Every structure is written in C-alpha cells, then in structure tokens.
Amino acid sequence: MQIKRNPHEHDCQAASRVGVCVGITQLWVCDKVLDWLKEDPNLKIKELTRRLKAEYKVTVPYRRMYKGKNLAMDKLFGHWDKSFDNLFRLKAQIEESSPGSSFVIDHHTINNKIRFRRLFFALKPCVDGFLRACRPYLAVDSTFLNGRFRGQLCIACAVDGHNWMYPVAVGVIDSEDCDNWLWFMSRLRDVIGFPDGLCFHTDCGQAVMSGVSEVFPGVEHRECMYHLVQNFKKRYSGKVFDDHLWASSYSWSNYMFEKHYQAMADAKPEAMVYLHENHKKLWSRSQYRLGSKVDYVTNNLAESFNNWIKPEKAKNLDDLLDTIRQKILIKWNHRKRVAMKFTGKILPHIEKQLREKSFNLDIQVITSSPEGVAEVCAKGVNLAYRFVVDLELRSCTCRVWQGTGIPCKHAIAYITSIPGARLEDFVSDYYSVHNFKLAYQGSIPCIPDKSMWPTSNHGFFMHPPLLRATAGGRRKNRMKGTFEGGSSQKDRRHQCPICYQKGHHWETCKNGKPEDIAAMIAER
C-alpha cells in the first residue's frame, strides 16, 4: 500500500456543513477579512460573519470573529498599545509640516508607568483664518469615542461667512469633568487669545460651562436652547410652553421676549423660577450681545462636527487625528476653489437673501433725515408700531441688523428708497468675498502615512490609559433621550397580552374578559 500526500491547497467548499466550524482560528479569520477591512474599516462583526458564511460556508463564533478582526485592524493601523506613543511622531510631523500649529500631549504616571491623559490639537491655518476673517463665535462640545479608549473628543468650531462649519481646535480627554474642560479651554486661550466680541455656545453641561467661565471671564456665553428645552420638559409641559418657550428664544426685541415670558409666568410661575435659577446663561436673542454677528440659539454647529466625524470615532488616536486633519484638508481645498469663483463685494448667498427680502416689502418710510435716520412702519398699520433705522450706526430698533450684520427688512425698505444706495454697502465685512478668501488663505499640511513620520526623542514610552471595565458589550451609539426617540422607563414596562395595557401581568389582569383569561390558563 502506498500513501501519497496532495501538495495543493484544499479550496473546495463544503455545501453541507451546518453549525459552527470548530477548526476555524482567529488567524484564519484575520487573513480572510483583511481585504474587506481595507476597503471599509467600519464593517461590523455581524457583517463580516455574514460574508464569511456566504463565501466559505462556515459559521464563526462571535468571540473568535472579534479577535480575528482585532488582529486584522492591528495589521492595518498598528497596535493599539503603541498608538498613544505614536502620537509624539504625529506631533513631530505636524510641527514640521505646519510650523506654529499647537499639539499638546499631557500624560501622568500610574504605578511607575507613564500613561496618556489628554491632548490638544489646533492647526495654525485654522486658527489664523478664524482670527483673521471669521466671526468671533465658537461652538464648544464633546462626543464620546467608541474604540477601545472610551474617552471624549472635544471640539471648538467656528462659522465662516458662508455659514459653513469651520473647525478651529480639537482635544481628547478621558472624561467630561471640570479639570479636563479647564485644561482644554486654557489651551484654546493660548492659541486664540481674547478676540473682540468673542462668544461661546455650549450645552447645559456644568463642566464645560465652568471651564468657559473660568478661562474666559466676561465673554458672552450662550446656552443651547435645544438642551434647555429638553431639561425643561422633564419637569414642566403644556401648550403655553409649546407656544411661548421657543418663541421667546427667537425674539430679538425685549418687548416680544417679555410678552412671551410673561405668558408662561402667568400660567405657571414656578416654571419660570426653575428657569431663572438653573439656566443662567444667555438663551434668548434679546439677551445676546451684538459683536459676534451670529444669531444661533442652538449648538447645532458643534453637533454637525460630531456627526461629520462619527464614522471615524472607533479608530486609534493617531489615526483619528490624522483623519480629522485629512477631512479638514479636503474641505479646505474645496472651499478655496469655491472662493476663486466668487466675484463682487459680498457673498452670493447674502446677495440672494437681500434680493428676496426686498421683493413686495410691506414697509413704508414715514420720514427720514439727511443724516441717514428714518422712521419706518408697516403699510396699512397705525403708527403705534414704528422702528428707527440709522444708516451710519447700521442699526434698527428691531435689533436684527445689529445682531446679524445683515440689513433687516426695515433697513432694506429705507435703503432702497434712497437713489443710488446699494444694499451690499451696508452688510458686515464678515460676509464679504474678501474675508471669505482670507479665511482659507493658508494651507492645511499634506503629510505621508505613519510609516514615514519622523521619529520622536521624547525619552520614554507612553502607555495607553487604564481602561474602565463596563458591563456588557461596548456601545457604539449613545443612548437617546425620551424626546429624541429613545425609550423611556415607562415604555419598558411589561405589556399584558390580554388587555394590551402596561404595568401588570396577565395573571393579575382586571381589564380582560374572563374567557380570554381562561384560554390563557389553558394554553399555559
């Protein structure tokens, strides 16, 4: 008898295989999913399991699939344990490619090991463009990271003349506490200083509000109206608040604000006491200062950045920061090309907005002086509702012009009644084509991949932070509140299969028919 060995690889598929294949190893999984993860690193475990099942007719256990994917990710992006020390190489590359950029890494010692604590990252072109040509408004927020390191990604985001998102600085902290926010805001102050009219917009978090107040005392500090309303509705609700709470926030004039506020105070005084005691930051346009020329009442600008970066939050920190730089670079170059097409004095979307407002105006100019001051009112309405427009001060008693830098409808009616006057001459320079080009005048650095980053001589190895043990699997998405479509405690109560009401079991059902209860007993 002669036994021969087949030297060729066995690649046929077992179509009759059922159940879990115990011979599959994590190394085999790593080899098979590597190309798929190159194309899309955000593929989930279930999707990879489905593809292996369709391709090789094998069912891989979840734990083995998880380890195999981690091995493949380590091959593609480097080991997670070394990614934090690799931040020093990224810092050296950024400082070499974009001199003047800020890249601060903070660490501490735990059990004789130097471990990562937090970092701050701001590219010089972004900071210079913000200080040179953007409105002095910063939306500050944080979003959780969903990789192995469950920290927080902080963002300070501005807005350009086209109302497009303009990232200024990012940071990574281990948790949202007062010390971390104080550190982040201190690093932000080091790079931007105290611009005139500076305004911060945050959510209702006590830590971030404390950080802004301590590091930037005296600046305008707005509170996100959306978060305020969500907190308010947990305690008070009713039609009067639906009709007047948001309306009071959108009111520019003190008269309209007091009108809506008083309607709520008359209906439920204790609700206004809660609002006054727990939400002391600015949340109504009638309270806003006039230097930032931004009329936002919510912190959606920072939320837009969080949504923009959401697919990348599971990456290692060095890859995450490099990806953020790359995404900013792509946007930066695109907007540079857009700016090259602009001609004229002000941006096209402002011209279109003014042109649409000037059509069919129901405003009449009662009288005007040679100094450029006029009284205007609505056509067909008695003179009790009048507004004063001053062209020299660029102001109107409705406060819309001062708050946004764009002429209101009262100012437009007066300006268009003056022969030879042009609306674009009365628009703030923040909306000019010149300023828009200045905002994107610099260049975001293009850098090679991490294998070619320069070496860093920082003199020690920085270990990863200590991870906190959590029960269950790691969440990729945050838990939504009741008002955002999430489930409440009430919704999670047991539903009776007989009467379909919640809060009790069928054995104690008092609302169902006796024959239905008897049928249920017989079935059980």
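Residues numbered from 1 in each chain as written. Predicted model: local features only at pLDDT ≥ 70, side-chain atom pairs only at ≥ 80, totals over all residues. Heavy atoms only, no water.

> Go over the environment of Pro465 with me, naming the residues and quoting the values.
Following the sequence through the fold, Pro465 ends up in the loop between α18 (433-439) and α19 (514-523). Taking C-alpha positions, Pro465 is 29 Å from Leu329, a pair spaced 136 residues apart along the chain. (Helix = DSSP H or I, 4+ residues; strand = E, 2+ residues; numbered from the N terminus.)

> Break down the packing of aromatic side chains for me, with residues and values.
Throughout the structure, instances matching the rule amount to 27 aromatic pairs. Three or more aromatic residues joined by ring pairs make a cluster, and in this case those are Trp164, Tyr166, Trp332, Phe342, Phe436 and Tyr440. Taking NZ or CZ as reference, Arg51 lies 5.6 Å from the ring centre of Trp36, over its face. Note that Arg222 overlies the ring of Tyr288, its terminal NZ or CZ placed 3.7 Å from the centroid. (Phe/Tyr/Trp six-rings, centres within 6.5 Å; stacked < 30°, edge-to-face > 60°. Lys NZ or Arg CZ within 6 Å of the ring centre and 35° of its normal.)

> Can you lay out helix α2 (residues 45-56) for me, pointing to particular residues and giving the numbers?
In this model, α2 (12 residues) spans 16 Å end to end at C-alpha, consistent with the 16 Å of a helix rising 1.5 Å per residue. For α2, the secondary structure elements touched by its buried residues are α1 (26-39) and α3 (62-77). At the C-terminal side of α2, Lys57 shows a positive phi close to 60 degrees. (Expected span 1.5 Å × (residues − 1). Contact = heavy atoms within 4.5 Å.)

> How would you explain the side chain of Asn180 if you had to name every residue and give the values?
By secondary structure assignment, the location of Asn180 is in helix α7 (residues 178-192). Among all residues touching Asn180, those that are not within four sequence positions of it are Arg118, Ile173, Asp174 and Ser175.

> So, the pairing of strand β1 (residues 102-110): which residues are in play, and what are the values?
Two elements, β1 and strand β2 (residues 113-122), share nine bridges in a ladder whose sense is antiparallel. For Ile105, the partnering residue across the bridge sits in β2 and is Leu119. Taking the residues between adjacent antiparallel strands as the criterion, β1 and β2 are bridged by two residues, where Asn111 takes a positive phi near 55 degrees. (Pairing = 2+ DSSP bridges.)

> Tell me about the pairing of strand β9 (residues 373-378), residues and numbers included.
Two strands pair when backbone bridges link them, and strand β8 (residues 363-368) and β9 are joined in this way by five bridges, in the antiparallel orientation. Bridge pairing in β9 places Ile363 opposite Ala378. The antiparallel pairing of β8 with β9 creates a hairpin that spans four residues between the two strands, and Gly372 there sits at a positive phi of about 90 degrees. In the sheet, β9 pairs with strand β10 (residues 386-390) via five bridges, with the strands oriented antiparallel. Residue Cys377 lies in a different strand from β10, and its bridge partner there is Arg386.

> Before we move on, can you summarise the pattern of salt bridges with the specific residues and values?
Per the stated rule, a full pass over the model turns up 20 salt bridges. The shortest N-O distance in the salt bridge between Asp179 and Arg118 comes to 3.0 Å. Taken together, the positions of Asp179 in helix α7 and Arg118 in strand β2 put the pair 61 residues apart, joining distant regions of the chain. (Salt bridge = Lys/Arg side-chain N within 4 Å of Asp/Glu carboxyl O.)

> Mind laying out the sheet that holds strand β11 (residues 395-396), listing which residues take part and the relevant values?
An order of β8-β9-β10-β11 is seen for the four strands of this open sheet, with the pairing classed as antiparallel. Every interior strand has two partners, whereas the edge strands, β8 and β11, have only one. Alignment of β10 against β11, held across two bridges, turns out to be antiparallel. Within β11, the residue paired with Val389 across the bridge is Cys396. Helix α17 (residues 409-416) contacts β8, β9, β10 and β11 of the sheet and is inclined by roughly 65 degrees relative to β8. (Axes fitted to C-alpha atoms, helices over the stretch in contact; angles between N-to-C directions.)

> Kindly report on the sheet that holds strand β6 (residues 199-202), identifying the contributing residues and their values.
A sheet is described by the order of its strands in space; here seven strands give the open sequence β1-β2-β5-β4-β3-β6-β7, paired in mixed fashion. The two strands at the open ends of the sheet, each matched to only one other strand, are β1 and β7 (220-223). Each strand of the sheet is rotated relative to its neighbour by a mean of 20 degrees, with strand direction disregarded. Pairing of strand β3 (residues 137-144) with strand β4 (residues 152-159), which is carried by six bridges, proceeds in the antiparallel orientation. Bridge pairing links Ser142 to Cys154 in β4. Against the sheet, helix α6 (residues 124-133) engages β2, β3, β4 and β5 (165-173), with an angle of about 130 degrees to β5.

> Could you give an account of α1, with specific residues and numbers?
Its 14 residues place the ends of α1 20 Å apart at the C-alpha level, agreeing with the 20 Å of an ideal helix rising 1.5 Å per residue. By the largest-angle criterion, Val33 marks the main kink of α1, which is about 45 degrees. Considered for burial, the residues of α1 that qualify are Val29, Cys30, Val33, Leu34, Trp36 and Leu37. For α1, the elements touching its buried residues are α2 and α3. (Bend = angle between axes of the 7 residues up to and from the residue. Buried < 20%, exposed > 50% of the residue type's maximum accessible area, 1.4 Å probe, protein only.)

> Could you give an account of the nonpolar core, with specific residues and numbers?
With 104 residues, the main nonpolar core has Phe116, Met185, Phe200 and Leu317 as its most contacted residues. In terms of residue count, helix α14 (residues 317-341) provides more of this core than any other element does, nine residues in total. Every residue in contact with Leu317, bar those within four places of it in the chain, is listed here: Phe84, Leu87, Phe116, Leu119, Leu145, Phe149 and Val172. Counting 18 residues, the second-largest nonpolar core is a separate cluster that includes Leu228, Met264, Met272 and Val297. (Core = buried A, V, L, I, M, F, W, Y, C linked by side-chain atoms within 4.5 Å.)

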